[in-house]
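Here are the chains, one letter per residue:
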Amino acid sequence: MEGNDNTVYKESSGIRNWAEEDRPREKLLLKGSPALSDAELIAILIGSGVPGESAVDVAKAILKSASNNLNELGKLSVKDLMKFKGIGEAKAITIVAALELSKRRRVAEVMEKEKIAGSKDVFEYFHHLADLRNEEFWVMYLNRANKIITAQKISVGGIIGTVADTRIIFKNALDHFACGIILCHNHPSGNLTPSEEDKSLTKKIKQAGQLLDIGILDHLIISDAGYYSFADEGLL
C-alpha cells in the first residue's frame, strides 16, 4: 500500500509543476471530464507535447485540421495523425482507438434499448457510416417487437455508389427469423437527397418483403450532414 501511495503522491506533485495549459489531467481529476475541452481530452491521449508546444497545442492543431469537428476527426487514420509533429505511431493508435470506442458506445446504447423507436435510434446505431470515404449498404434485422437481432453489411462500393443484392438481404432475414428490416447506406459526398436508384431499390426490396411478410420499416441515408429517413419523409 505504501508503494501505491508514494506513486500517486509523486504523480500529483509532478502535475503541479506543469504549465497551466499542460494540466488537463489535473483538471479532469478536480472538475470531471465534462469540464475539459475537446483539445484537452485529446491532449490526455497524446500525453506530452513537443519542444515549444504543449500537448494541448498539438491537440488543437489536430482538431483544426479536422475543422474542429469530432466526426471529421474520426475519419483520420493512423497515418494521417502521424503527419503531425510529435505524433508517433503509438500516440496515433491511441487516438484512433479512443474515437472507435466512442462510436461503439453509441451502438451499445441503442442495443440496450427495448426496441427501435424511430429513425434517430437507427442513425445512432449506424452513425459510424458517416466517417467512411466509400459507400456501404447495411441492413438491420428486427424481431416482432422491433428489437435488433443483428445488423449486417451487404455490400461495399466506391465513392459514388454500391449495389445491394435483394436475395442476400432476404436470405439473411429468413436465416434470423426477422419480422422487419431497416435499410441503411451512406453518401460520402454529404448529399442526403436520395437518388433515383435509391428510390428504385427501396421499392424493389419493399415489394419482395411483402411476398415474404417481412416489413421494410425504413431506409436511412447517412452522411456528415445527418440523415435522411424514407419513413419520416413518407416514402415507404
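Look a little higher up for the structure.
Let me begin by describing the structure that accompanies this report. (Residues numbered from 1 in each chain as written. Predicted model: local features only at pLDDT ≥ 70, side-chain atom pairs only at ≥ 80, totals over all residues. Heavy atoms only, no water.)

A closer look at the nonpolar core
Right, on to step 1. Core analysis: the biggest nonpolar cluster contains 20 residues, and Ile42, Ile46, Ile62, Leu73, Leu81, Ile87 and Ile95 have the highest contact counts within it.
Right, on to step 2. Of all the elements in the fold, those that place two or more residues in this core are α3 (38–46), α4 (55–65) and α7 (89–111).
Right, on to step 3. Excluding residues that lie within four positions of it along the chain, Ile62 makes contacts with Ile46, Leu73, Leu81, Phe84, Ile87 and Ile95.
Right, on to step 4. Counting 17 residues, the second largest nonpolar core, distinct from the first, contains Leu129, Ala130, Cys184 and Leu220. (Core = buried A, V, L, I, M, F, W, Y, C linked by side-chain atoms within 4.5 Å. Buried < 20%, exposed > 50% of the residue type's maximum accessible area, 1.4 Å probe, protein only. Helix = DSSP H or I, 4+ residues; strand = E, 2+ residues; numbered from the N terminus. Contact = heavy atoms within 4.5 Å.)

Comments concerning the packing of aromatic side chains
Right, on to step 1. Tallied over the entire structure, the rule returns four aromatic pairs.
Right, on to step 2. Arranged with centres 5.0 Å apart and planes meeting at 80°, the rings of Tyr125 and Phe126 form a pair that is edge-to-face. Phe126 shares its class with Tyr125; the two are buried.
Right, on to step 3. A ring pair is formed by Tyr228 and Phe230, whose centres lie 5.7 Å apart and whose planes are at 85°; its orientation type is edge-to-face.
Right, on to step 4. Overall, the relative accessible area of 1% leaves Phe230 in the buried class.
Right, on to step 5. Among the aromatic residues, those joined into a cluster by ring pairs are Tyr125, Phe126 and Trp138. (Phe/Tyr/Trp six-rings, centres within 6.5 Å; stacked < 30°, edge-to-face > 60°.)

All we've got here are geometric facts, nothing functional implied.
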